[in-house]
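Commentary on secondary and tertiary structure
Given next are the chains, with one letter for each unit.
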Amino acid sequence: MGKLEETSRKDARRTKIQEAIIASLAGKKLEASSLIPEALNYFLDLDLPTYSRKREAIASAAVRLRGLGLVTLVDGHYNLTKAGEELLNKWRVSNFQIKKPKKWDNKWRVIIFDIPEKKRRLRAEVRHILIETGFQRLQDSVWVYPYDCEEMIGLLKMDLGLGKYLLYMIVDQIENDRYLKMDFGLID
């Protein structure tokens, strides 16, 4: 194995460990001593020879994340900073990428959601993900996309627990869709 391959593997491993730490801190405070088991639960298949090496790698990743300002250590507890939360949101959005086919099948994918007011933060997250993945808003909770995105929507439903709140439809026509076609670059 060449040096580039080895460097690439180490970088990927480092990123996975950092992702595990940030994901395990999402939405909760963790004692410094419980950070390592939490992160290990996320990525037990890391390419590290022993448990103690894994603990070392996670501890040093936590120090790096503190240096980058993504986590803080206060009174023996790790917390995500605003920058850490933003990075976590970027990673979440990158999980919801959609492959565009070469040719459009002339069908619209319509997403309708009705998330209760008491879950407004979840609703805002869904809107953010839809915007970032390229959906166009028709109305407040009605979004449209021209390509097959059923897999991505299934992932979104599963990850955010949206099963009963979100509806996926395949529609042949939308009234006055010329503007949508222009927005998506489907006509000249």
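Residues numbered from 1 in each chain as written. Predicted model: local features only at pLDDT ≥ 70, side-chain atom pairs only at ≥ 80, totals over all residues. Heavy atoms only, no water.

**Things to note about the overall build of the protein**
To keep it simple, the criterion reads: In this text, helices come from DSSP runs of H or I with a minimum length of four residues, and strands from runs of E with a minimum of two, each type numbered from the N-terminal end. A 1.4 Å probe rolled over the protein chains alone gives each residue an accessible area, and that area as a share of the maximum for its type sets the label: buried under 20%, exposed over 50%, partly exposed in between. The contact criterion used throughout is that any non-hydrogen atoms of two residues lie within 4.5 Å.
Helix and strand content of the protein: seven helices and seven strands. Starting at the N terminus and walking to the C terminus, you meet the elements of the protein as α-β-α-α-β-β-α-β-α-β-β-α-β-α. Residues classed as buried in the protein amount to 36% of the 188 residues present. Residue pairs in contact within the protein that sit at least 24 positions apart in sequence constitute 63% of those at least 6 positions apart.

**Quick look at the sheet that holds strand β4 (residues 108–113)**
Basically, it comes down to this: A pair of strands counts as paired when DSSP detects no fewer than two bridges linking them. For helices, the axis comes from a line fit to the C-alpha atoms of the stretch in contact; other axes are also lines fit to C-alpha atoms, and the angle between any two N-to-C directions lies between 0 and 180 degrees.
Pairing is antiparallel in the open sheet, where four strands are placed in the order β5-β6-β4-β7. If you trace the sheet from one side to the other, it starts and ends with β5 (136–139) and β7 (166–171), each paired once. On average, adjacent strands in this sheet sit at an angle of 30° to one another, irrespective of strand direction. Summarising the sheet, β4 and strand β6 (residues 142–145) pair through four bridges and their orientation is antiparallel. Counterpart to I111 in the pairing with β6 is W143. The sheet strands contacting helix α6 (residues 150–160) are β4 and β7, and the helix crosses β7 at an angle near 170°.

**Comments concerning helix α5 (residues 120–132)**
What counts here: Residue count minus one, scaled by 1.5 Å, sets the expected span of a helix. Summarising the geometry, the arc corresponds to the directions from the helix axis toward the C-beta atoms.
In a regular helix each residue adds 1.5 Å, so 13 residues correspond to 18 Å; α5 covers 18 Å between its end C-alpha atoms and thus fits that length. Within α5, burial applies to L122, R123, E125, V126, I129 and L130. Summarising the axial view, the buried residues of α5 lie within an arc of 160°, below the 170-degree limit, and thus occupy one face. Turned more than 90 degrees away from the buried face of α5 sit R120, R121 and I131, all of them exposed. G134 sits one or two residues past α5 and shows a positive phi near 100°.

**Section: α6**
Three or more residues of α6 are buried, namely M152, I153, L156 and L160. Each buried residue of α6 lies within a common arc of 100° when the element is viewed along its axis, so the set occupies one face. Away from the buried face of α6 by more than 90 degrees, exposed residues E150, E151 and M158 are located. As for α6, its buried residues are in contact with β4, α5 and β7. Just downstream of α6, G161 is the residue with a positive phi angle, here 65°.

**Structural notes on the packing of aromatic side chains**
Where two aromatic rings form a pair, the distance of their centres and the angle of their planes describe that pair. Under the convention used in this document: Note on aromatic pairs: the rings of Phe, Tyr and Trp (six-membered ring only in Trp) are paired at centre separations within 6.5 Å, and the planes decide the class, stacked below 30 degrees, edge-to-face beyond 60, tilted for the rest.
This structure, assessed with the given rule, holds five aromatic pairs. Aromatic pair Y145 and F184: ring centres 5.8 Å apart, planes at 85°, arrangement edge-to-face. With a gap of 39 residues between them, Y145 in strand β6 and F184 in the segment after α7 (178–183) connect regions that are remote in the sequence. Comparing Y145 with F184, the two get one shared label, buried. Through successive ring pairs, a cluster of aromatic residues spans W104, W108, F135, Y145, Y147 and F184.

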